[in-house]
Amino acid sequence: MTPSREHGPLPDFLVGLTVVSGLVDSFSYLTLGHVFVANMTGNVVFLGFALSGTGEVSVVDSLLALLAFVFGAAIAGRIAAKRPPHRGHLLAAGAAAQALLVLIAAVTTSALHSTSVRLTLIALLAIAMGGQNAVVRRLGVPDLTTTVITRTVAGLVADSAARPVLARRLASVTALLTGALLGGTLLRWAPIGAPLWLAATLLLACAAGVYRMTRGPAAEAWR
């Protein structure tokens, strides 16, 4: 994907964060029960199922994920709104903080033998993903929300858009699919925490890469 002058390398890094979303959601759904930690649309639907008493879905799990996600988004949103930093600095700081939470969750998977640990993992990961969404929203790069791709998929076929825009939308869809595929494969063949370790690695690489690029003279163009 060729960076535009307005957004610099941000779209490329946001595609990487979309892969992270697929990884953590594959872990939460396949390991922690029928619950998402990144895709809140799915959790709202699951909550409806749970309240109706169908689908073997937990009200507690879905509600906890929603509340934790909101908490993470609120904290990150307040921090991001306090001052207008360089968008690269904001993304680097957000990815580093998110990596810390995901790393804690990855370590915690070794004790995944009780309901309390499972709920803790849901909360930690949902807070991390809520923070990611708040930061990404602040960055303002179109068609790269990193978690929700419903409108992106519709835009691929419903709108007349320039080739770079279509490429960005397709990259978003492909990245989420790739993350989910990697997460599912790792859960099948590797230790249970593998998707989270990979997600944390990608987040740290994102933080380091963005921070390095903000130190160059061209970074002012995508401030």
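Novice: Please set out the overall build of the protein residue by residue, giving values where relevant.
Specialist: For the protein, the helix and strand inventory stands at eight helices and zero strands. In the protein, the order of α-helices and β-strands from amino to carboxyl end is α-α-α-α-α-α-α-α. In the protein, buried positions account for 46% of the 223 residues.

Novice: Summarise the nonpolar core; cite the residues concerned and give the values.
Specialist: Formed by 55 residues in total, the largest nonpolar core has its most connected members in Leu-14, Val-24, Leu-91, Val-102 and Leu-196. For this core, the secondary structure elements donating two or more residues are α1 (10-31), α2 (40-52), α3 (59-82), α4 (87-108), α5 (115-139), α7 (163-189) and α8 (194-214). In terms of residue count, α5 provides more of this core than any other element does, 13 residues in total. If near-sequence neighbours (up to four positions away) are discounted, Leu-196 is found in contact with Val-24, Phe-27, Val-102, Ala-105, Ala-106, Thr-109 and Leu-125.

Novice: So what's going on with a nonpolar patch on the surface? Which residues, and what values?
Specialist: Judged by side-chain polarity, Leu-51, Val-59, Leu-63 and Leu-67 come together as a nonpolar surface patch covering roughly 370 Å² of accessible area. Ranked by the residues each element gives to the nonpolar patch, the list is headed by α3, at three residues. By relative accessible area, which is 31% here, Val-59 ends up partly exposed.

Novice: Please provide a residue-by-residue account of the side chain of Ser-62, values included.
Specialist: Relative to the helices and strands, Ser-62 is located in helix α3. Here Ser-62 is in contact with His-34, Val-35, Asn-43, Phe-46, Leu-47 and Val-57, once residues within four sequence places are set aside.

Novice: I'd like a rundown of α8, residues and numbers included.
Specialist: If you check α8, its first and last C-alpha atoms are 30 Å apart, about what 21 residues at 1.5 Å a residue would give, namely 30 Å. Buried within α8 we find Ala-194, Pro-195, Leu-196, Ala-199, Ala-200, Leu-203, Cys-206, Ala-207, Gly-209, Val-210 and Thr-214.

Novice: Describe the layout of surface pockets, listing the residues and the values that go with them.
Specialist: Gaps left between atoms show up when a probe the size of a water molecule is rolled over them. Taken as a whole, the largest pocket spans an internal volume of roughly 400 Å³. When contributions to the lining of the largest pocket are tallied by element, the ones reaching two or more residues are α3, α4 and α5. Broken down by element, the lining of the largest pocket gets its largest block of residues, seven residues, from α4. The residue inventory of the lining of the largest pocket, partitioned by class, reads 13 nonpolar, six polar and one charged. Considered as a void within the structure, the second largest pocket measures approximately 340 Å³ in volume. Lining the second largest pocket we find 18 residues, and of these Asn-133, Arg-137, Thr-145, Thr-147 and Val-148 sit closest to its centre. Contributing elements (two or more residues each) for the lining of the second largest pocket: α2, α3 and α5. It is α5 that contributes the most residues to the lining of the second largest pocket, five residues altogether. Of the residues contributing to the lining of the second largest pocket, the split by class is ten nonpolar, six polar and two charged.

Novice: Any details on the packing of aromatic side chains? Residues and values, ideally.
Specialist: Using the criterion set out here, one finds four aromatic pairs in the structure. Each ring, one from Phe-36 and one from Phe-46, has its centre 5.4 Å from the other, and the planes form 10 degrees; the classification is stacked. Remark: Phe-46 occurs in helix α2 and Phe-36 occurs in the loop between α1 and α2; sequence separation between them is ten residues. Overall, Phe-36 belongs to the buried group, its relative accessible area being 17%. Its relative accessible area of 12% is what places Phe-46 among the buried residues. Pairing Phe-46 with Phe-49 gives two aromatic rings, centres 6.4 Å apart and planes at 45 degrees, and the pair type is tilted. Separated by three residues within a single helix, Phe-46 and Phe-49 lie in helix α2, roughly one turn from each other.

Rules used in this analysis
- Residue indices begin from 1 for each chain and proceed along its sequence in written order.
- Totals for whole chains, interfaces and linings use every residue, but because this is a predicted model, local features are given only for residues with pLDDT of at least 70 and side-chain atom pairs only at 80 or more, for both listing and counting.
- In computing side-chain properties, one takes all heavy atoms of the structure into account and sets aside hydrogens as well as water.
- Put simply, DSSP marks the helices as runs of H or I at least four residues long and the strands as runs of E at least two long, and each gets a number from the N terminus on.
- To sort residues, take the accessible area from a 1.4 Å probe on protein chains only and compare it with the maximum for the residue type: under 20% means buried, over 50% means exposed, and anything in between is partly exposed.
- Side-chain atoms within 4.5 Å are what join buried Ala, Val, Leu, Ile, Met, Phe, Trp, Tyr and Cys residues into a set we call a nonpolar core.
- In this analysis, two residues are considered to be in contact whenever any of their non-hydrogen atoms come within 4.5 Å of each other.
- The patch calculation keeps residues exceeding 30% relative accessible area without a salt bridge and links them within 9 Å when they carry like charges or within 5 Å when they are nonpolar (Val, Leu, Ile, Met, Phe, Trp, Tyr).
- What sets the accessible areas is the Shrake-Rupley method with a 1.4 Å probe; for residues, cover comes only from the shown protein chains.
- Think of a salt bridge as a Lys or Arg side-chain nitrogen and an Asp or Glu carboxyl oxygen that are within 4 Å of each other.
- Expected span of a helix, by definition, is 1.5 Å for each gap between consecutive residues, and there is one gap fewer than residues.
- Any residue with an atom within 4 Å of a point lines the site, the site being either a cavity, points on a 1 Å grid over the protein atoms alone where a 1.4 Å probe fits but cannot get out, or a pocket, an open set with protein on both sides within 12 Å along at least 5 of 7 lines.
- Grid points are joined across faces, edges and corners, and a volume is the space filled by probe spheres set on the points.
- Each residue gets one label: Ala, Val, Leu, Ile, Met, Phe, Trp, Tyr, Cys and Pro are nonpolar, Asp, Glu, Lys and Arg are charged, and the others, such as Gly, are polar.
- Aromatic contacts are taken between Phe, Tyr and Trp rings whose centres are within 6.5 Å, Trp giving its six-membered ring; a plane angle under 30 degrees counts as stacked, one over 60 as edge-to-face, and the others as tilted.

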